[in-house]
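Geometric and topological summary
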Amino acid sequence: MGRQIGVLGRVVTALAATAFVASWSSGFVIAKVATVDVAPLTLLVWRFVPVAAGLLVVTLATGAARAVPRADLRRQALIGLCAQLGYVVCVYAAIAAGVTTGTTALIDAVQPLVVATLVGPLLGLRVRGAQWAGLAVGAAGVLLVVRSQLGASGAPAAAYLLPVAAMAFLVAGTFLERRSSGRPPVLVVLTVQVVVTAAALLVAGAVGGSLVPPADPGFWVATVLAAAFPTLAAYGLYWWLLRRVGVTALNALLFLVAPATAAAGAVGLGEPLTGVTVLGFVLCGAGVAVVLAVEARVARAAAPVTAAARPAPPRTAPRTRS
């Protein structure tokens, strides 16, 4: 029976991982399709505001945040401003400027490399030579992909700084999350992050005159899809998988988003996918694989030490039958 439960657990995890890659990739494709005739800010406002209202009602009704310290709520709000608001605004702006969906996803996917090598020392982690080598290989792959797309996508060179900014926001959010000791429920994490993002977008939309949605039914279809998949499903699965499989495996899944998005963009949107672009993806994959392999090896080596450092449980006298 235990073996069957273990197999079922692995199947559920594999299905969740597949759904995560698909739902996170969908955010780039939806942004490309939906922002052709609509300002990105308008779509983002109506993507986040209804979801924020729904999550807030559910969280208050269930009392899920009642026992969560206010310091943890404030930290989740700050993480949301980085990992959701800053991230999605830069991604949508990049795609609206003409950067291909695959290239945008690829630049975001090197976030594990940056965290492991550049942010690692700030977290008190030792950076090994192999990780620096992985960063160099991954960066070479990104440069190769960007260079192959410069003449084909029609986006100005400066537009490629937008996905870099999105990745920087994601790195900042990851850094804050790893520095946090509190682990609120997934529902509370989603609610706080989506609510602060929606509030900021409402203010920006009001200032920029982007609150009024178009009458086109296609806009609402895109909004519902964006709310359901890249907002609720992708972020919900992100936090669930983070606790289920750990940060190393989750970072590997984040990289799989890039080729999945590139394939969807080439097939469904007619975006260019050349041999040089594929080579760049391979180099990035190799760089990510090196960094994740080092992280996994260090984690395995540290596990016995951590277990040995834990105090032994108090011994109790054996029960006697009465």
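Residues numbered from 1 in each chain as written. Predicted model: local features only at pLDDT ≥ 70, side-chain atom pairs only at ≥ 80, totals over all residues. Heavy atoms only, no water.

Counted only if it meets this: UniProt positions are given in the numbering used here, feature names are shortened, and annotations may be inferred rather than shown by experiment.
Labelled according to an unreviewed UniProt entry, the protein appears under the name DMT family transporter, originating from Cellulomonas hominis. UniProt, in the comment section headed Subcellular location (unreviewed entry), describes the protein in these words: "Membrane". The UniProt entry for the protein carries this comment under Sequence similarities (unreviewed entry): "Belongs to the EamA transporter family."

Considerations on helix α7 (residues 161-179)
Put simply, the rule is: Only runs of H or I of at least four residues qualify as helices and only runs of E of at least two qualify as strands under DSSP, and these elements are numbered from the N terminus. The span one expects for a helix is its residue count, reduced by one, times 1.5 Å. Exposure classes here rest on a 1.4 Å probe applied to the protein chains alone. A residue is buried below 20% of its type maximum, exposed above 50%, and partly exposed in between.
Its 19 residues place the ends of α7 27 Å apart at the C-alpha level, agreeing with the 27 Å of an ideal helix rising 1.5 Å per residue. Residues Pro 163, Ala 166, Met 167, Leu 170, Val 171, Gly 173, Thr 174, Leu 176 and Glu 177 constitute the buried set of α7.

Here we look at the pattern of salt bridges
To keep things clear, this is the line we draw: Between Lys or Arg on one side and Asp or Glu on the other, a salt bridge is scored when a side-chain nitrogen of the former is within 4 Å of a carboxyl oxygen of the latter.
Inspection of every chain in the model, using the stated rule, returns 2 salt bridges. For Glu 177, the salt bridge identified is with Arg 183, shortest N-O distance 3.7 Å. Residue Arg 183 is classed as partly exposed on the basis of its relative accessible area of 48%.

Examining the packing of aromatic side chains
Our working definition: Whether two aromatic rings pair depends on their centres lying within 6.5 Å, for rings of Phe, Tyr and Trp, where Trp uses its six-membered ring; planes under 30 degrees apart make the pair stacked, over 60 edge-to-face, and the rest tilted.
This structure, assessed with the given rule, holds 7 aromatic pairs. Ring geometry for Trp 24 and Tyr 235: centres 5.2 Å apart, planes at 45°, overall tilted. Here the residue Trp 24 occupies a position in helix α1 (residues 2-34), and Tyr 235 occupies one in helix α9 (residues 217-245), the gap between them amounting to 211 residues. On the basis of an interplanar angle of 75° and a centroid distance of 5.6 Å, the ring pair of Trp 46 and Trp 220 is categorised as edge-to-face.

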